[in-house]
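Listed here are the chains, written in short residue letters.
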Amino acid sequence: MTTTTACTGTPPKDHAAPEDLAVVPVRHYGRWIAAVVAFAALIGLVGSLAKNHNLHWDVVRHYLFAGLIFDGLATTLWLTAAAMAIGLGLGTLIAVMRLSTSPVLYGLGTLFVWAFRGTPLLVQIIFWGYAAALYKYVMIGIPFTDITFFRAETNSLLTPAIAALLALGLNEAAYTSEIVRAGIQSVDTGQTEAAHSLGMRPALTMRRVVLPQAMRVIIPPLGNETINMLKMTALVSVISAHDLMSNIQDVYAQNYQVIPMLVVASLWYLALVTLLSIPQAWLERRYGRGASRAGHLSPLQRMLAGSARTSTKKSKNSDNSKEADR
């Protein structure tokens, strides 16, 4: 004899509903063990460096806030800001040229990227620093005639700081153009077609419609390029541009304290990179608000959201247990 149960919409008493099940988080014991081992290794390394007398911590403390170091920091900061401004402006223009249907504009943009991205930055810095060996004078006039509107010595115009700025800015423009081009291509072409159907010109469409949507893709790699630019300014020490690394080298060339002075430089570069990471993270969250993923949340917001979900689960489980007791 077979017994049947009427379908009343209520699950059988011997089977719990999905919402009544207690959610038990997975225990990641391996992660905790690895974290303890890594933390112990870090403590050991820091303790070994702190007790190492060969580092001469007194020399580090003496030069960490010296006036010569702050002069180098000022040069490093303005080189970074100016080079990124040149790179972003010129790189955006080159990206638009490479996306143009004109073969001339496309060819010129491609040639620029090929030349400046294909040669090492150190070579470009040295080239601009010693450009006077190639051209003794900088002249502006009518080609193939004796008519000259401007004439000046190359060494007087291309000072080490200007040569460093040109090398850093032009090199950055080549890389930034590829970042901007990828961001522009990530925007659906229907956006451009819709803007054109409303009577917007291509330049206005690019400025008002395409670029704001492309910023979500452009910001993260561009932030990395800014941080990389800050560190790449150390290469201009080969032409004595009086940046942070140049002044550090001048000091340890006199007192022979190479390692302590490199520690001073490392501490300042770490501090500056940390400060630059804060606005980069804010911009990523700002332009990533429309994304479907939760990557735009800050670490603090993620932690608070995780604790809120945990407390919600606990309260739900306690309510379910109370109902079961009843």
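Residues numbered from 1 in each chain as written. Predicted model: local features only at pLDDT ≥ 70, side-chain atom pairs only at ≥ 80, totals over all residues. Heavy atoms only, no water.

Thoughts on the overall build of the protein chain
Along its length, the protein chain carries 12 helices and 2 strands. Seen in sequence order, the protein chain has helices and strands lined up from the N terminus as α-α-α-α-α-β-β-α-α-α-α-α-α-α. Each of the 326 residues in the protein chain was classed as buried or not, and the buried ones make up 28%. Residue pairs at least 24 apart in sequence account for 69% of intrachain contacts in the protein chain once pairs closer than 6 positions are excluded. Here the protein chain displays about 21800 Å² of accessible surface, and carbon together with sulfur accounts for 65% of that area. (Helix = DSSP H or I, 4+ residues; strand = E, 2+ residues; numbered from the N terminus. Buried < 20%, exposed > 50% of the residue type's maximum accessible area, 1.4 Å probe, protein only. Contact = heavy atoms within 4.5 Å. Areas by Shrake-Rupley, 256 points an atom, 1.4 Å probe, with all protein chains shown as cover.)

Some thoughts on the pattern of salt bridges
A side chain with one charge can pair with a side chain of the opposite charge if their charged atoms come near. One pass over the structure, following the stated rule, counts 3 salt bridges. Here Arg98 and Glu178 are joined by a salt bridge, their closest N and O atoms 2.4 Å apart. One end of the pair, Arg98, is in helix α3 (residues 67-98); the other, Glu178, is in helix α7 (residues 160-185), with 80 residues separating them in the sequence. Taking relative accessible area as the criterion, Arg98 reaches 15% and is therefore assigned buried. Taking relative accessible area as the criterion, Glu178 reaches 16% and is therefore assigned buried. Arg181 is the partner of Glu178 in a salt bridge, and the nearest nitrogen-oxygen pair spans 2.8 Å. Taken as a pair, Glu178 and Arg181 lie in helix α7 at a separation of 3 residues, close to a single helical turn. A residue is classified by how much of its surface remains accessible, and Arg181, at 21% relative accessible area, is partly exposed. In the salt-bridge network here, residues are joined through shared partners; they are Arg98, Arg117, Glu178 and Arg181. (Salt bridge = Lys/Arg side-chain N within 4 Å of Asp/Glu carboxyl O.)

A short note on the environment of Trp57
Within the secondary structure, Trp57 sits in helix α2 (residues 57-64). What makes Trp57 partly exposed here is its relative accessible area of 31%. Between the C-alpha atoms of Trp57 and Val264, which are 207 residues apart in sequence, the distance is 9.8 Å. Contacts of Trp57, omitting those with residues within four sequence positions, involve Leu49, Ala50, Asn52 and Val263. A distance of 3.2 Å separates the side chain of Trp57 from the backbone oxygen of Leu49, its partner in a polar contact. (Polar contact = N/O pair within 3.5 Å; in protein donor to acceptor, adjacent residues only side chain to side chain.)

Section: the side chain of Thr76
Note that Thr76 resides in helix α3. Here Thr76 falls in the buried class, since its relative accessible area comes to 0%. Apart from the residues within four sequence positions on either side, Thr76 is in contact with Leu230, Thr233, Asp243, Leu244 and Tyr269.

Brief notes about the packing of aromatic side chains
For the structure on display, the rule yields 5 aromatic pairs. On the basis of an interplanar angle of 70° and a centroid distance of 5.6 Å, the ring pair of Phe70 and Trp268 is categorised as edge-to-face. One end of the pair, Phe70, is in helix α3; the other, Trp268, is in helix α11 (residues 258-287), and 198 residues separate them in sequence. Phe70 sits in the partly exposed class, given a relative accessible area of 38%. With a relative accessible area of 15%, Trp268 lands in the buried category. Each ring, one from Phe112 and one from Phe116, has its centre 4.6 Å from the other, and the planes form 35°; the classification is tilted. Here Phe112 and its partner Phe116 are both found in helix α4 (residues 103-118), 4 residues apart, which amounts to about one turn of the helix. According to the relative accessible area criterion, Phe116 is buried, its value standing at 18%. (Phe/Tyr/Trp six-rings, centres within 6.5 Å; stacked < 30°, edge-to-face > 60°.)

Describing the pairing of strand β1 (residues 137-141)
Pairing of β1 with strand β2 (residues 148-153), which is carried by 5 bridges, proceeds in the antiparallel orientation. Residue pairing across strands places Ile140 opposite Phe150, the latter belonging to β2. As consecutive antiparallel partners, β1 and β2 are separated by 6 residues, and within that stretch Phe144 has a phi angle of approximately 65°, a positive value. (Pairing = 2+ DSSP bridges.)

These values are about where atoms sit, not about what they do.
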